[in-house]
Amino acid sequence: MARRLAEVAKKVGVSEATVSRVLNDKPGVSDATRAAVLTALDVLGYERPTQLRGERARLVGLVLPELGNPIFPALAEVVGGALAQRGFTPVLCTLTPGGLSEADYVEMLLQQQASGVIFAGGLYAEADAAHDHYHRLLEVRLPVVLVNAAAGGLDFPQVSTDDAVAAEQAFGHLLSLGHERIGVVLGPEDHVPCRRKLAAVRAAAERAGVDLPDSRVRRAMFSLEGGQAVTGRLIRDGVTGVICASDPLALGVVRAVRRLGMSVPGDVSVVGYDDSAFMNCVDPPLTTVRQPIESIGRAAVTLLVNQVDGGSVTAEELLFEPELVVRASTAPRPAPGSAA
């Protein structure tokens, strides 16, 4: 007990006597100090006294699938800053191979009396994945916001980049450069944002009178290696332009094209998605569709805090407009028979 008092007091910057008064629910402590002590208790992993467990901690979980893709650290920075401005402490929950699962993190956050959870890039976007832990959150009515499209039946507020507009921008850009044999590299088949992108590309191709056979649609894990693995088949099919569902996938396509003795954009043009950090520094600088991460992150926090404060928030999806960023990985279609 003495060690716990000392650790919490040091964390908050108050005396052990003040911490003791809070833990024993005694008067004489300001609301701000009381909240800071309870938050420190949660952060340090100590259980609250029974009489205080009804109070929600000022903790908000941010559950991310990885940190290897630069788009997720960028989102974490925006969300963490916006939560701190509202007086909440963000708890970063990152999935790692062999580590805690989303369901494990949900249990942990519920035990810690978290005020809410923001999910990004999670299992909610996979139609065939297990969603029991999301239904549990619906049952206990914990405030939740999902970043980007979710499978049906998960009635949480969502903030998303408009996948259809993003796909149309990428396709229209390649079409304007004369490309007609266009390939698409997506994530898994049950990934809802990828389904939206593919539907939009197919509709745009139909309007333009351009064929998009199934052989030019490839699926991979969201990684550089995934993009690299599926590129060879596209090249053998004569593709001159490739639309990718993430920047790492696009970088994998670029690597594969080069290993086949070809060049980007001389032989094949490549468009990514996200405009994550350093995409203007790769070789060649990547043409990509930018997600408005700043706006999305701040909107997610606003929706969550409104729920925490008891406001009415409908389970509707807010769509944000993406932006095509043209760099050096796209160029006019090479003339038939030409060599880069």
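Overview of the structure. Since the model is a prediction, treat every value here as computed from it, not as a measurement. (Residues numbered from 1 in each chain as written. Predicted model: local features only at pLDDT ≥ 70, side-chain atom pairs only at ≥ 80, totals over all residues. Heavy atoms only, no water.)

## Some words on the overall build of the protein
A count of helices and strands for the protein gives 11 helices and 12 strands. In the protein, once contacts between residues fewer than 6 apart in sequence are set aside, the share between residues at least 24 apart is 71%. Total accessible area on the protein is roughly 15100 Å²; 51% of this is exposed by carbon and sulfur atoms. The distance from the centre of the 32 positive side-chain charges to the centre of the 39 negative ones in the protein is 4 Å. (Helix = DSSP H or I, 4+ residues; strand = E, 2+ residues; numbered from the N terminus. Contact = heavy atoms within 4.5 Å. Areas by Shrake-Rupley, 256 points an atom, 1.4 Å probe, with all protein chains shown as cover. Lys, Arg positive; Asp, Glu negative; His and termini not counted. Charge placed at Lys NZ, Arg CZ, Asp CG, Glu CD.)

## Quick look at the layout of surface pockets
Estimates place the volume of the largest pocket at around 720 Å³. In this structure, the largest pocket is lined by 32 residues; those nearest its centre are Pro65, Phe72, Gly121, His191 and Phe222. Taken together, the elements giving at least two residues each to the lining of the largest pocket come down to α4 (71–85), α8 (192–208) and β9 (269–274). When the residues that make up the lining of the largest pocket are grouped by side-chain class, the tally is 18 nonpolar, eight polar and six charged. Its boundaries defined by the atoms lining it, the second largest pocket holds a volume of some 210 Å³. (1 Å grid on protein atoms, 1.4 Å probe; cavity = no way out; pocket = protein on both sides within 12 Å on 5 of 7 lines; lining within 4 Å. Points joined across faces, edges and corners; volume = space filled by probe spheres on them. Nonpolar A, V, L, I, M, F, W, Y, C, P; charged D, E, K, R; others polar.)

## Quick word on helix α7 (residues 163–176)
Between its terminal C-alpha atoms α7 stretches 20 Å, which fits the 20 Å expected from 14 residues at 1.5 Å a residue. Among the residues of α7, those classed as buried are Asp163, Val165, Ala166, Ala167, Ala170, Phe171, His173 and Leu174. Two to three positions downstream of the cap, the backbone nitrogen of Ala164 sits 3.2 Å from a side-chain oxygen, assigning the N-cap of α7 to Asp162. Within two residues after α7, Gly178 carries a phi angle of roughly 95°, on the positive side. (Expected span 1.5 Å × (residues − 1). Buried < 20%, exposed > 50% of the residue type's maximum accessible area, 1.4 Å probe, protein only. Polar contact = N/O pair within 3.5 Å; in protein donor to acceptor, adjacent residues only side chain to side chain.)

## Here's the deal with empty space enclosed by the protein
Scanning the entire structure with this criterion turns up one cavity of 30 Å³ or more. In this structure, the largest cavity encloses a volume near 60 Å³. Residue lining of the largest cavity: 13 residues in total, with Ala166, Ala167, Lys197, Ile243 and Cys244 positioned closest to the centre. Mapped onto the lining of the largest cavity, the elements with two or more residues apiece are α7, β6 (182–186), α8, β8 (241–244) and β9.

## Overview of the nonpolar core
Residues Ile118, Phe119, Tyr124, Leu137, Val147 and Val159 are the most contacted members of the largest nonpolar core, which totals 46 residues. Of all the elements in the fold, those that place two or more residues in this core are β1 (59–64), α4, α5 (102–111), β3 (116–120), α6 (132–140), β4 (144–147) and α11 (293–308). Other than its neighbours up to four places away in sequence, Phe119 contacts Val63, Glu102, Val106, Tyr124, Tyr134, Leu137, Val144, Val145, Leu146 and Val147. Residues Ala205, Val210, Leu212 and Ala220 belong to the second largest nonpolar core, which totals 40 residues. (Core = buried A, V, L, I, M, F, W, Y, C linked by side-chain atoms within 4.5 Å.)

## Some points on unusual backbone geometry
With an omega of 10°, the peptide bond between Val264 and Pro265 qualifies as cis. Looking at the secondary structure, you find Pro265 in the loop between α10 (247–259) and β9. For the peptide bond that leads from Asp283 to Pro284, omega is -5°, which places it in the cis range. Here Pro284 is to be found in the loop between β9 and β10 (287–290). In the Ramachandran plot, Asp274 falls in the positive-phi region, its phi being about 130° despite a non-glycine side chain. With respect to the secondary-structure elements, Asp274 resides in strand β9. Residue Asp274 is classed as buried on the basis of its relative accessible area, which comes to 5%.

## Overview of the pattern of salt bridges
What the rule picks out here adds up to 14 salt bridges. A salt bridge links Arg290 to Glu323, with the shortest nitrogen-to-oxygen separation between them at 3.3 Å. Of the two residues, Arg290 sits in strand β10 while Glu323 sits in strand β12 (residues 323–325), which places them 33 residues apart along the sequence. When its relative accessible area of 42% is taken as the criterion, Glu323 is described as partly exposed. Three or more residues are tied together by salt bridges with common partners; here these are Asp275, Arg290, Glu323 and Arg327. (Salt bridge = Lys/Arg side-chain N within 4 Å of Asp/Glu carboxyl O.)

## Describing the pairing of strand β2 (residues 89–94)
Here six bridges tie β1 to β2, and the two strands are oriented parallel to one another. Across the sheet, residue Leu59 finds its bridge partner in β2, namely Thr89. (Pairing = 2+ DSSP bridges.)

## Points about the side chain of Thr161
Relative to the assigned elements, Thr161 resides in strand β5 (residues 158–161). Only 2.6 Å separates the side chain of Thr161 from the side chain of Gln291, close enough to count as a polar contact.

## Side note on helix α3 (residues 31–43)
For α3, which comprises 13 residues, the first-to-last C-alpha distance of 18 Å matches the rise-based estimate of 18 Å (1.5 Å per residue) to within 8%. Of the residues making up α3, those classed as buried are Arg34, Val37, Leu38, Thr39, Ala40, Leu41 and Asp42. Those residues of α3 that are buried lie in contact with α1 (2–12), α2 (16–23), β1 and β2. The first or second residue beyond α3 is Gly45, which carries a positive phi of 85°.

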